[in-house]
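Fold and contact review
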Amino acid sequence: MNKQRVVITGIGMITPLGNDVKTTWDGIVGGRSGIGPLTRRDAEKFPVKVAGEAKDFDPANYIDKKEARKMDRFTQFAVAASLEAMQDAGIKVGENIDAERIGVWIGSGIGGMDTHEEQFRRFEEKGYKRVSPFFIPMMIPDMASGQVSILTGAKGVNACTVTACASGANSIGDAFKVIQRGDADVMIAGGTEAPITDLALAGFSSMTALSFNPDPKTASRPFDKNRDGFVMGEGAGILILESLESATRRKANIYGEIVGYGATADAHHITTPAPGGEGGARAMKLALDDAGVNPEDIQYINAHGTSTFYNDLYETQAIKSVFGEHAYQVAVSSTKSMTGHLLGAAGAIEAVFSVLAIKEGVLPPTINYETPDEEVDLDYVPNKARRADIQAVLSNSLGFGGHNVSLVFKKYE
């Protein structure tokens, strides 16, 4: 089979650093944290005091107010980021792209948890007749993908991958394969999440996965010896993936090329990664093989890097097992130090950062890195971004349930 080359022609984001790509990327390059005091929920109820909230996000800037009320926050994020990415790519469905040749693949780990909690309270207090008729379509995780399809007119493949914190990365990888095998010319792909809710905060706090550090400036500190858990974030990241043939025909701006996708299972534990990052290591190897590149060809790894004890240790060990001596030459950073952990959207915003790292020649930093851990000893680009000629990037995403995903992006030539 003659595989299509797949390039990135548009990007869009809503993150704790900003409600568009430029503001977010400026924050990443500047080593600025988007984490602040928890305001979306009553912080007195929880041991968690900080979060990566999307600030001043107004869905009315993107969607008709009446329609926005029928969408959970996670869907609103996806729509906003998708519209930015579509505009960036210069795509007009039905004009320069056939509606049946453009699809949508947007993942979410949880879906409409905000809606779920609100409507359950309403049911308990007032009975079933007061539950919104839009409750189910607002809550289900595939509705971000569905609403983006409806609003853009994209009539091709429409899907949603739900693999916890790997959802966004899986969705990009799955969409990449759709185009590569010729089933679509364009895919709107990524992930979205709005998990800053009472039950999500309670559940993650109860399992002691979150940082209880009350200082927004230092709570998210991947690879630091004193890391004590991740910081919850919210937002969306979207890539416009397009066949090179279609992009060339449209004379589109090309950010880079997606060339590799690897996905594996730990088959080990519902939350803890397999010892040594064995499953993650296999995903990286599969992605490199799929891309046809050697470990030595990678200059930068955007790590999953959650700021939890086991993730950062095992991911470091996995990188060493795959990259050997080159592990000490490759730059590795966790942008979660600045955004927090966006769960199902994490891999998607990190894919955007990976593409921009190549395009702009910048290694994003790991901020809040103060105390080295002798077992976690790679080049984590501490605290300040660095200029570099980056030809190829690998981006990792690991999810509860033992899901491991790696994506490889290259400079377009």
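Residues numbered from 1 in each chain as written. Predicted model: local features only at pLDDT ≥ 70, side-chain atom pairs only at ≥ 80, totals over all residues. Heavy atoms only, no water.

An unreviewed UniProt entry lists the chain under the name 3-oxoacyl-[acyl-carrier-protein] synthase 2, with Aneurinibacillus aneurinilyticus ATCC 12856 as the source organism. The UniProt entry for the chain carries the following text under Sequence similarities (unreviewed entry): "Belongs to the thiolase-like superfamily. Beta-ketoacyl-ACP synthases family." (UniProt positions renumbered as here; feature names shortened; annotations may be inferred.)

1. Structural notes on the packing of helix α3 (residues 73-89) against helix α6 (residues 143-152)
The geometry of α3 relative to α6 is characterised by a closest axis approach of 9 Å and an angle of 45 degrees between their N-to-C directions. By the angle between their axes, α3 is oblique relative to α6. Taken as a pair, α3 and α6 cross one another with a handedness that is right-handed. The residues of α6 that touch α3, namely those facing Phe74, Thr75, Ala78, Val79, Ser82, Leu83 and Met86, are Met143, Ala144, Gln147, Val148, Leu151 and Thr152. (Axes fitted to C-alpha atoms, helices over the stretch in contact; angles between N-to-C directions. Helix = DSSP H or I, 4+ residues; strand = E, 2+ residues; numbered from the N terminus. Parallel < 35°, antiparallel > 145°, perpendicular 65-115°, else oblique. Left-handed = near helix turned anticlockwise from the far one by under 90°. Contact = heavy atoms within 4.5 Å.)

2. Examining a nonpolar patch on the surface
A contiguous nonpolar surface patch, about 360 Å² in accessible area, is contributed by Phe120, Phe123 and Tyr128. Looking at Phe123, the relative accessible area reads 38%, which means it is partly exposed. (Patch = residues over 30% accessible without salt bridge, like charges linked within 9 Å, V, L, I, M, F, W, Y side chains within 5 Å. Areas by Shrake-Rupley, 256 points an atom, 1.4 Å probe, with all protein chains shown as cover. Salt bridge = Lys/Arg side-chain N within 4 Å of Asp/Glu carboxyl O. Buried < 20%, exposed > 50% of the residue type's maximum accessible area, 1.4 Å probe, protein only.)

3. Digging into empty space enclosed by the protein
Counted under the stated rule, the structure contains one cavity of 30 Å³ or more. For the lining of the largest cavity, the secondary structure elements donating two or more residues are α10 (278-291), α11 (309-323), β13 (392-399) and β14 (403-410). At five residues, the largest contribution of residues to the lining of the largest cavity is made by α11. Of the residues contributing to the lining of the largest cavity, the split by class is eight nonpolar, seven polar and two charged. (1 Å grid on protein atoms, 1.4 Å probe; cavity = no way out; pocket = protein on both sides within 12 Å on 5 of 7 lines; lining within 4 Å. Points joined across faces, edges and corners; volume = space filled by probe spheres on them. Nonpolar A, V, L, I, M, F, W, Y, C, P; charged D, E, K, R; others polar.)

4. Concerning the layout of surface pockets
Using a probe with the size of a water molecule, rolled over the atoms, empty space left in the structure can be pinpointed. Put simply, the largest pocket is a space of about 490 Å³. If you trace the largest pocket, you find 27 residues lining it, with Thr271, Thr272, Pro273, Thr308 and Phe400 closest to the centre. Elements supplying a minimum of two residues to the lining of the largest pocket: α11, β13 and β14. With three residues, the single largest contributor to the lining of the largest pocket is α11. The residue makeup of the lining of the largest pocket, split by class, is 11 nonpolar, 14 polar and two charged. Composition of the lining of the largest pocket by domain shows at least three residues from each of domain 1 (6-250) and domain 2 (261-411). (Domains from an automatic or database assignment.)

5. A few points about the sheet that holds strand β5 (residues 158-159)
As summarised here, the arrangement of the 10 strands in space is β5-β4-β6-β7-β1-β8-β14-β13-β9-β10, forming an open sheet in which the pairing is mixed. If you trace the sheet from one side to the other, it starts and ends with β5 and β10 (331-333), each paired once. Here β13 pairs with β14 via eight bridges, running antiparallel. For Ala392, the partnering residue across the bridge sits in β14 and is Lys410. α3 contacts β1 (6-14), β4 (102-107), β6 (186-193) and β7 (235-243) of the sheet and is inclined by roughly 135 degrees relative to β1. (Pairing = 2+ DSSP bridges.)

6. Here we look at the nonpolar core
Ranked by internal contacts, the top residues of the largest apolar core, which has 49 residues, are Ile8, Ile172, Leu239, Leu241, Ile258 and Phe409. Top element by residues in this core is helix α13 (residues 346-360). It accounts for 10 residues. Looking at which domains feed residues into this core, each of domain 1 (6-250) and domain 2 (261-411) gives three or more. When sequence neighbours within four positions are dropped, the list of residues in contact with Leu239 reads Ile8, Gly10, Ile11, Ile172, Met187, Ile188, Ala189, Ala351, Val352 and Phe409. (Core = buried A, V, L, I, M, F, W, Y, C linked by side-chain atoms within 4.5 Å.)

7. Let's talk about the state of the cysteines
Covalently bonding the sulfur atom of one cysteine to the sulfur atom of another cysteine gives a disulfide. All chains considered together, the criterion is met by zero disulfides. Sulfur of Cys160: no disulfide; nearest cysteine sulfur belongs to Cys165 and is 14 Å away. (Disulfide = S-S within 2.5 Å.)

8. Looking at helix α8 (residues 198-206)
Buried residues of α8: Asp198, Ala200, Leu201, Phe204 and Ser205, and no others. Each element contacted by the buried residues of α8 is listed here: α4 (113-126). Of the residues one or two after α8, Thr208 is the one with positive phi, at around 55 degrees.

9. Structural notes on the UniProt feature "domain: Ketosynthase family 3 (KS3)" (unreviewed entry) in the chain
The UniProt record marks residues 3-411 with the feature "domain: Ketosynthase family 3 (KS3)" (unreviewed entry), using the residue numbering of this structure. This span, residues 3-411, is 33% helix and 18% strand, and a straight line between its end C-alpha atoms measures 18 Å.

10. Here we look at the packing of aromatic side chains
Under the criterion given, the structure shown has 10 aromatic pairs. Considering the side-chain rings of Phe57 and Tyr62, the 5.6 Å spacing of their centres and the 15 degrees angle between planes classify their relative orientation as stacked. Measuring from ring centre to ring centre gives 5.0 Å for Phe309 and Tyr310, while their planes differ by 80 degrees; the resulting arrangement is edge-to-face. Residue classification places Tyr310 among the partly exposed positions, given a relative accessible area of 42%. The ring of Tyr255 has Lys359 sitting right over it, with the charged end atom 5.9 Å from the ring centre. (Phe/Tyr/Trp six-rings, centres within 6.5 Å; stacked < 30°, edge-to-face > 60°. Lys NZ or Arg CZ within 6 Å of the ring centre and 35° of its normal.)

11. Re the domain arrangement of the chain
Partitioning the chain into structural domains gives domain 1 (6-250) and domain 2 (261-411). A straight line from the C-alpha centre of domain 1 to that of domain 2 covers 21 Å. Of the roughly 4600 Å² buried where domain 1 meets domain 2, counting both sides, 70% is carbon and sulfur surface. Here domain 1 is connected to domain 2 by four salt bridges. Residue Glu374 pairs with Lys225 through a salt bridge whose shortest N-O separation is 3.1 Å. Along the contact surface separating domain 1 from domain 2 lie 22 residue pairs in polar contact (both at pLDDT 80 or more). The set of elements that each furnish at least two residues to the side of domain 1 that touches domain 2 consists of β1, α1 (21-29), α7 (167-180), β6 and β7. Per-element tally for the side of domain 1 that touches domain 2: the top contributor is α7, with nine residues. In terms of residue class, the side of domain 1 that touches domain 2 is made up of 31 nonpolar, 24 polar and 11 charged. (Buried area = accessible area lost by both parts, 1.4 Å probe. Polar contact = N/O pair within 3.5 Å; in protein donor to acceptor, adjacent residues only side chain to side chain.)

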